[in-house]
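# Report on the structure
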Amino acid sequence: MKIAGKTALVTGSGRRIGRALALALGEAGASVAVHYGASADDADETANTIRLAGSEAATFQADLVDPAQIGQLTHQVRERFGPVDILVNSASMFSRNTLADTSVEEWDDYVAVNVRAPFLLAQAMQAGLADGSPGKIINLGDWRTARRNRFAYGVSKAALSGLTRSLAVAVAPDIQVNEIALGAILPPADFKAGDPRSEQAMNLGPAKRMGSLNEVTAAMLALVHNDFITGDTIHVDGGGHIR
């Protein structure tokens, strides 16, 4: 797929990795729908940066816990840019909890944002594309899903991996669906510098360093360009998954 002229929706693209992915797609010539939940100013900055680089961009707010707002999001993006050709599910809940202290409400929110939202967005994307039109779906996962202290997060990311493979079959052959499983790219938002427990939790893998945003965006762009990879997981984790 050639990215120039396509419409891309990147969830959670006001900040951090989602922002880098949105900027990379904009630099490649896509019109970018910058989704955000609460970080309106950050989303505006992302969209402005894309426009300054010469591509179209607009911001769209939606709480991904709410299916109705997801429906509104897909409608608004289609009204503004037309059908979504590239969907990047970057938005994610990520906080500390254990099996013992995860509430039902918290569990439901994790599943809603990390699994159900990508499902609903993929469903809407497929419905919006004309028969035979190519498309790409890229889900942002994690190299490690079995986590003691981020229990709900880990389970929901494991479910996202399963969703990736099932979607690859469901939307074939026109849409390719893949996952990028990330290692240590940025410190977690709740990371405490100098806390030895936090330092140990950041498994850097054989590469013995953190990854860069450019290394993540390069993987995404490669998957968008390649029409013969689907249902796969590309690890951008410095080899952490083989340890």
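Provided above is the structure to which this section pertains.
Structural notes, computed from the coordinates. A quick note: this is a predicted structure, and the numbers were derived from the prediction, not measured.

Moving on: the overall build of the protein chain. In terms of helices and strands, the protein chain carries 7 helices and 7 strands. From first element to last, N terminus to C terminus, the protein chain shows the α and β order β-α-β-α-β-α-β-α-β-α-β-α-α-β. In terms of overall dimensions, the protein chain is globule-like: its C-alpha atoms have a radius of gyration of 17 Å, near the 18 Å expected for 243 residues. Oriented by its inertia axes, the alpha-carbon framework of the protein chain measures out at about 50 × 35 × 35 Å. Put simply, the protein chain has 243 residues, and 47% of those count as buried. For the protein chain, contacts bridging at least 24 residues in sequence account for 74% of all contacts bridging at least 6.

On to the packing of aromatic side chains. The full count for this structure, using the stated rule, is 2 aromatic pairs. Between the aromatic rings of Phe60 and Phe81, the centroid separation amounts to 6.4 Å while the plane-to-plane angle is 65°, which identifies the pairing as edge-to-face. Taken together, the residues span a long stretch of sequence, with Phe60 in strand 3 (residues 57-61) and Phe81 in helix 3 (residues 67-81) at a distance of 21 residues. Classification of Phe81 as buried rests on a relative accessible area of 14%.

Another aspect to go through is the nonpolar core. Within the largest apolar cluster, 31 residues are counted, with the highest numbers of intra-cluster contacts made by Leu25, Ile180 and Met220. Counting residues per element, the ones that place at least two in this core are strand 1 (7-10), helix 1 (16-27), strand 2 (31-36), helix 2 (40-52), strand 4 (86-89), strand 5 (135-142), strand 6 (175-182) and helix 7 (213-225). Residue contributions to this core peak at 6 residues, all from helix 1. Residues in contact with Met220, not counting those within four places in the same chain, are Leu21, Ala24, Leu25, Val88, Ile138 and Ile180.

Okay, helix 2 next. The terminal C-alpha atoms of helix 2, which comprises 13 residues, lie 18 Å apart, in line with the 18 Å expected from a rise of 1.5 Å per residue. Along helix 2, the residues classified as buried are Ala43, Thr46, Ala47 and Ile50. Viewed end-on, helix 2 has its buried residues packed into an arc of 95°, placing them on one side of the element. When the buried face of helix 2 is taken as reference, the exposed residues oriented beyond 90 degrees from it are Asp41 and Leu52. Looking one or two places after helix 2, you find Gly54, whose phi comes out positive at around 105°.

Turning our eyes to something else, we now look at the sheet that holds strand 5. Reading across from one edge, 3-2-1-4-5-6-7 is the order of the 7 strands in this open sheet, with parallel pairing throughout. The strands lining the two open edges of the sheet, one partner per strand, are strand 3 and strand 7 (233-236). Between one strand axis and the next, the sheet turns through 20° on average, direction left out of account. Strand direction decides the pairing type here: strand 1 and strand 2, joined by 4 bridges, are parallel. Bridged to Val10 within strand 2 is Val34. In the packing of helix 4 (residues 104-128) onto the sheet, the strands contacted are strand 1, strand 4, strand 5 and strand 6, and the crossing angle to strand 4 comes to about 175°. Strands strand 4, strand 5, strand 6 and strand 7 of the sheet are contacted by helix 7, whose axis makes an angle of about 165° with strand 6.

Looking now at the pairing of strand 4. Neither face of strand 4 is open: one carries Ile86 and Val88, the other Leu87 and Asn89, and all of them are buried. Pairing analysis gives 3 bridges linking strand 1 to strand 4, with the strands arranged parallel. Paired with Leu9 across the two strands is Leu87, which belongs to strand 4. In terms of strand pairing, strand 4 meets strand 5 through 4 bridges, oriented parallel. Residue pairing across strands places Val88 opposite Ile138, the latter belonging to strand 5.

Attention shifts here to the side chain of Ser55. Within the secondary structure, Ser55 sits in the loop between helix 2 and strand 3. Classification of Ser55 as buried rests on a relative accessible area of 11%.

The periodicity of an α-helix, 3.6 residues per turn, causes residues three or four positions apart to be oriented the same way. If you check helix 7, its first and last C-alpha atoms are 18 Å apart, about what 13 residues at 1.5 Å a residue would give, namely 18 Å. Regarding helix 7, the residues found buried are Val216, Thr217, Ala219, Met220, Leu223 and Val224. The buried residues of helix 7 occupy one face: seen down the axis, they fall within an arc of 155°. In the core, the buried residues of helix 7 are packed alongside helix 1, strand 4, strand 5, strand 6 and strand 7.

Criteria and thresholds
- Residue numbering note: each chain is counted from 1, following its sequence as written.
- Where local features are concerned, this predicted model is filtered to residues with pLDDT of at least 70; where side-chain atom pairs are given and counted, the filter is 80 or more; whole-chain, interface and lining totals use all residues.
- Hydrogens are left out, water is left out, and the side-chain values use all remaining heavy atoms of the structure.
- Helix and strand definitions follow DSSP, with helices as H or I runs of at least four residues and strands as E runs of at least two, each counted in order from the N terminus.
- Radius of gyration here is computed from C-alpha atoms only, and the compact-globule reference equals 2.2 Å multiplied by the residue count raised to the power 0.38.
- Exposed residues in this analysis have more than 50% of their type's maximum accessible area, buried residues have under 20%, and partly exposed residues fall in between, with area computed by a 1.4 Å probe over protein chains only.
- Any two residues whose heavy atoms approach within 4.5 Å at even a single point are treated as in contact.
- To pair, rings of Phe, Tyr and Trp, with the six-membered ring standing in for Trp, must have centres within 6.5 Å; the planes then decide the type, stacked if under 30 degrees apart, edge-to-face if over 60, and tilted in the middle.
- The criterion is simple. A nonpolar core is a set of buried Ala, Val, Leu, Ile, Met, Phe, Trp, Tyr and Cys residues joined through side-chain atoms within 4.5 Å.
- To estimate the expected span of a helix, count its residues, drop one, and scale the result by 1.5 Å.
- What the arc measures is the spread of directions leading from the helix axis to the C-beta atoms.
- One requirement defines pairing of two strands: DSSP has to find at least two bridges between them.
- To define axes, lines are fitted to C-alpha atoms, for helices over the stretch in contact only, and angles between the resulting N-to-C directions are given on a 0 to 180 degree scale.

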